[in-house]
Amino acid sequence: VDPVQEWRDIVGGANVLTAPDDVAPYVTDWTGRFVGRHTTVVRPGSTAEVAEIVAACRRSGTAIVPQGGNTGMVGGGVPLHGEVVVSLRRLATVGEVDPVGHQVSAGAGATVEAVQLAAAAVGLRYAVDFGGRGTATVGGSVATNAGGINLIRYGGTREQLVGIEAVLGTGDVVRRMTGLVKDNTGYHLPSLLCGSEGTLGIVTEARFRLVPAVEHRVLAVVAFADVPAAVAAASAWRRGLRDLEAAELVLHDGVSLVAEQFGLPLPFPVAHPVYVLVEAAGSTDPTDELADAVAAVAGVRDVAVAPDEARRAALWRLREDHALAINRVGVPHKFDVTLPQHLLGEFVDRVPAVVTAELPDARTWIFGHVGDGNLHVNVTGAPPDAPALDDAVYGLVVAMGGSISAEHGIGTAKSRFLAMQRSPAELAAMRAIKTALDPDGIMNPAAILPPVRG
Ligand SMILES: Cc1cc2nc3c(=O)[nH]c(=O)nc-3n(C[C@H](O)[C@H](O)[C@H](O)COP(=O)(O)OP(=O)(O)OC[C@H]3O[C@@H](n4cnc5c(N)ncnc54)[C@H](O)[C@@H]3O)c2cc1C
C-alpha cells in the first residue's frame with residue numbers, strides 16, 4: 001500500500017501536502033537554523049484521525065515528527081531526516097471555561113494566546129506566557145513544557161496541566177480529561193507526556209488550570225551596573241515582593257539592537273550595562289509595593305516605570321523582541337541554559353570569550369529569565385552546525401553546575417549532550433519508557449535520546 005494514499009484516505013486529499021511550496025513552511029524551523037528534508041505533511045482533523053495515522057505509520061514503518069506552531073528552538077519539530085510531519089494545527093478548538101473548577105480544555109492546535117483569551121473573557125487567566133504565544137500551540141507547549149516569563153509565580157506548563165489526551169506511539173489513545181486536581185491513581189501520564197517532545201506520542205488535547213486574573217499590573221525597568229547586582233535584586237524581590245510576576249534580564253547591546261530594529265525608544269537617556277524588567281500584578285495597585293522593593297535594593301542606577309498600557313507594551317517589546325531582532329542579524333545558534341543563580345554574573349562574563357575562542361567573528365547576545373536562573377545565549381555569525389562551539393558553551397555550563405536546557409528542551413540540537421547531564425540509570429529508564437510507549441521507534445526518533453551506540 002502507498003503510505004501517502006493511505007494518509008489521504010484517512011484525512012482527505014486536501015489535508016496531505018506534498019507540493020514543495022505547501023510543505024516549505026513546515027520544513028524549516030523558526031530560527032532558520034534547522035532545515036529539514038522535503039517530505040509529506042499530514043493534517044489530521046480529529047483525535048481518531050491522528051490515531052489512524054499513527055497506526056498506518058506503524059504498519060509502514062514511517063517515522064513521524066509532530067508539529068504545532070513550529071516555534072520550537074531546538075530542531076525537534078522539523079523533519080531533519082525526511083520524517084512525515086503530522087501537523088496538529090487543525091485541532092484548534094478551545095472549550096468552554098469551567099467557571100467553578102477554573103479550568104479549560106483546548107485542542108493541541110489552539111494557540112497559547114487563544115487559551116489566554118478564552119480565560120480572560122471570563123475573568124480568569126492562563127498563567128503561561130511567552131513571546132511566541134500567538135503561534136506556539138497547546139500541543140507544542142505541553143510537548144516542550146514551555147516556561148516563559150511568569151514561571152517564577154505560577155510554574156511552567158507542567159504545573160498548569162490537569163488533564164491530557166494523546167495518541168501514543170502504539171496507536172492507543174489515552175484520555176484523562178476530568179481535571180480532578182487530586183487524583184493519585186498511578187502514574188501521572190500528563191506529567192510524563194509533558195516535556196516528551198513528541199517522542200512518546202502525539203498530544204491531541206490538554207486541560208489546564210486557570211488562575212485569577214489580576215486587575216492591576218505595573219512594570220518597571222531597573223538599570224544596574226552589572227549582572228551580579230541585577231541577580232541580587234531579583235533574589236530580594238522574589239523574597240519580599242509579594243505580587244512579583246516577572247523578572248527578566250536584558251543587556252544594553254540587546255536592548256539597543258531591538259530598539260534599532262523596530263524603531264522603539266530606549267528606556268533611559270543614557271546607556272546602562274544591565275536592565276531588569278520587573279513586573280508586579282495584584283488585585284490592588286502594586287505600584288507603591290514595587291517602588292519600595294526597587295528602592296530597597298542596592299546598585300540601582302535608574303528606574304523607568306510604565307505610566308500606561310502603551311508604554312508598558314513598548315517596554316516589554318525590548319525584552320520579548322530579542323529573538324526576532326537577533327534573527328535579523330543572522331541565523332542564531334541558541335543556548336537555553338540554567339546556572340546556579342550566584343554564578344549568573346560569572347557566566348555572563350565568561351561566555352563571550354568562550355564563543356570567540358572558537359569563532360573569532362561570532363557575536364554573543366544574552367538575555368533571560370533572571371528570576372529562575374535561565375539565560376538565553378544566542379550566537380550569531382556561527383555556521384548552523386558548529387560542534388566545537390556547542391562543546392565549548394555546554395562544557396562551561398556543565399562545569400559551572402548548570403543545565404544545558406532550561407525550557408526549550410533537548411530536541412535534536414542537544415541530544416548529543418544529554419549524557420553529560422543524565423546518569424546511565426536515568427537514560428536507561430527513559431529508553432525503557434520510550435520503548436514501551438513507542439515500540440517501533442516511529443515517534444520523533446531523532447529527538448531527545450541519542451542513538452544507542454554499537
Ligand atoms: C518569540 C519566541 C519566544 C519564546 N519564548 C519562550 C519562552 O519564554 N519559554 C519557552 O519555554 N519557550 C519559548 N519559546 C519556544 C517555543 O515557542 C515553545 O517551546 C513552544 O511551546 C513550542 O510550541 P509549538 O507549537 O511552536 O511547537 P513546535 O515548534 O511545533 O514543536 C516543538 C516540539 O514539540 C513537539 N510537538 C509539537 N506539537 C506536538 C503535539 N501535539 N504532540 C506531541 N509533540 C508535539 C515537536 O515534535 C517538537 O519536538 C519561544 C519561541 C518564540 C518564537
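See above for the structure.
One structure accompanies this document, and this report is about it. Every value quoted in this text rests on a predicted model; they were computed, and no experiment measured them.

### Overview of the pattern of salt bridges
Applying the stated criterion across every chain, the model contains 24 salt bridges. Arg153 is the partner of Glu245 in a salt bridge, and the nearest nitrogen-oxygen pair spans 2.9 Å. Placement of the pair is Glu245 in strand β12 (residues 244–251) and Arg153 in helix α6 (residues 151–154), with a sequence separation of 92 residues. Glu245 sits in the buried class, given a relative accessible area of 0%.

### Quick look at the site of the ligand
Neighbouring the ligand are 35 residues; Pro66, Gly68, Thr71, Gly72 and Thr137 lie closest to it. Note that an oxygen atom of the ligand is positioned 2.7 Å from one of the backbone N or O atoms of Gly68. Between the ligand and the protein, one listed contact pairs an oxygen atom with a backbone N or O atom of Asn70 at 2.9 Å. With the chains in place, 95% of the 970 Å² that the ligand exposes on its own is no longer accessible. Sorting the residues of the shell around the ligand by element identifies β3 (64–67), α5 (138–144) and β9 (201–209) as the ones contributing at least two each. Among the elements that take part in the shell around the ligand, α5 stands out by supplying 5 residues, more than any other. When the residues that make up the shell around the ligand are grouped by side-chain class, the tally is 11 nonpolar, 22 polar and 2 charged.

### Here's the deal with the pairing of β3
Burial along β3 is two-sided: the residues Ile64 and Pro66 and Val65 and Gln67 are all buried. Bridge analysis of β3 against strand β4 (residues 84–87) gives 4 bridges, and the strand direction is parallel. Looking at β4, one finds that Val65 is bridged to Val85.

### Describing the sheet that holds strand β2 (residues 41–42)
An order of β1-β2-β4-β3 is seen for the 4 strands of this open sheet, with the pairing classed as mixed. The open sheet has two edge strands with one neighbour each: β1 (16–17) and β3. Judged from the 2 bridges that link them, β1 and β2 form a sheet pairing that is antiparallel. When the sheet's bridge partners are listed, Val16 is paired in β2 with Val42.

### Remarks on the packing of aromatic side chains
Across all of its chains, the model carries 5 aromatic pairs by this definition. Considering the side-chain rings of Tyr126 and Phe208, the 4.7 Å spacing of their centres and the 40° angle between planes classify their relative orientation as tilted. Of this pair, Tyr126 sits in the loop between β6 (124–125) and α5 while Phe208 sits in strand β9; the two residues are 82 residues apart in sequence, bridging distant segments of the chain. The two residues Tyr126 and Phe208 agree in class, both being buried. Following the ring pairs from residue to residue traces out a cluster consisting of Phe335, Tyr394 and Phe417.

### Regarding the sheet that holds strand β17 (residues 374–380)
Strand order in the open sheet formed by 7 strands is β14-β11-β13-β12-β16-β17-β15, and the pairing between neighbours is antiparallel. The open sheet is flanked by β14 (300–305) and β15 (333–338), the only strands paired with a single partner. Each strand axis lies, on average, 20° off the axis of its neighbour in the sheet, ignoring direction. Where β12 lies against strand β13 (residues 274–282), 7 bridges are found, and the strand directions are antiparallel. Across the sheet, the residue bridging to Val250 is Tyr275, located in β13. Here helix α11 (residues 287–295) sits on the sheet and contacts β11 (216–224), β13 and β14; the angle it forms with β11, its principal contact strand, is near 20°. Sheet contacts for helix α15 (residues 387–399): β15 and β17; angle to β15, the most-contacted strand, approximately 10°.

### Notes on helix α12 (residues 309–320)
With 12 residues, α12 extends 16 Å from end C-alpha to end C-alpha; this agrees with the ideal 16 Å at 1.5 Å per step. Its side-chain oxygen placed 3.3 Å from the backbone nitrogen of Ala310, Asp308 serves as the N-cap of α12.

### Overview of the nonpolar core
Phe224, Trp237, Val278 and Phe347 are the most contacted members of the largest nonpolar core, which totals 57 residues. The greatest single-element share of this core, amounting to 7 residues, is contributed by helix α9 (residues 227–240). Residues in contact with Trp237, not counting those within four places in the same chain, are Val222, Phe224, Leu244, Val276, Val278, Ala293, Val294 and Val297. In this structure, Ala110, Val115, Val128 and Leu161 belong to the second largest nonpolar core, which totals 28 residues.

### Quick word on the side chain of Glu279
Here Glu279 shows up in strand β13. Engagement of the side chain of Glu279 in a polar contact is seen with the side chain of Arg312, the distance being 2.9 Å. In this view, Glu279 contacts Arg217, Val218, Leu219, Asp243, Leu244, Glu245, Ala246, Arg312 and Trp316; residues no more than four positions away in its chain are not counted.

### A look at the environment of Pro450
Turning to its location among the elements, Pro450 is positioned in the segment after α16 (424–437). For Pro450, a relative accessible area of 16% translates into the label buried. Separated by 34 residues in sequence, Pro450 and Arg416 place their C-alpha atoms 5.9 Å apart. Not counting residues within four places of it along the chain, the set of residues in contact with Pro450 comprises Ser415, Leu418 and Arg431.

Rules behind the numbers
Throughout this document, residue positions are counted from 1 along each chain, in the order its sequence is written. Two thresholds apply to this predicted model, a pLDDT of at least 70 for residue-level local features and 80 or more for giving and counting side-chain atom pairs, whereas whole-chain, interface and lining totals are computed over all residues. Note that the side-chain values use all heavy atoms of the structure and ignore hydrogens as well as water. Salt bridges, as used here, are contacts in which a Lys or Arg side-chain nitrogen is within 4 Å of a carboxyl oxygen on Asp or Glu. We count a stretch as a helix when DSSP gives it H or I for four or more residues in a row; a strand needs E for two or more, and each element gets its number in order from the N terminus. Type-normalised accessible area, obtained with a 1.4 Å probe on protein chains alone, sets the label of each residue: buried when under 20%, exposed when over 50%, and partly exposed for intermediate values. Only a single heavy atom is needed: when it lies within 4 Å of a molecule or strand, its residue is near that molecule or strand. Any pair of nitrogen or oxygen atoms within 3.5 Å is treated as a polar contact; in protein, a donor-acceptor pairing is required on top of that, and neighbouring residues in sequence qualify only through side-chain atoms on both sides. For accessible areas, the Shrake-Rupley method is used with a probe of radius 1.4 Å. Any residue's cover is judged against the shown protein chains and nothing else. In this count, Pro and Cys sit with the nonpolar residues alongside Ala, Val, Leu, Ile, Met, Phe, Trp and Tyr, while Asp, Glu, Lys and Arg are called charged and the others, Gly among them, polar. One requirement defines pairing of two strands: DSSP has to find at least two bridges between them. Note on aromatic contacts: the rings of Phe and Tyr and the six-membered ring of Trp form a pair at centre separations within 6.5 Å, being stacked when their planes are under 30 degrees apart, edge-to-face when over 60 apart, and tilted otherwise. Axis angles are defined between N-to-C directions and span 0 to 180 degrees, where every axis is a line fitted to C-alpha atoms and, for a helix, only to the segment in contact. Any pair of residues with heavy atoms lying within 4.5 Å of one another is described as a contacting pair. To estimate how far a helix should reach, multiply one less than its number of residues by 1.5 Å. Take the buried Ala, Val, Leu, Ile, Met, Phe, Trp, Tyr and Cys residues and link them wherever side-chain atoms come within 4.5 Å; each set so joined is a nonpolar core.

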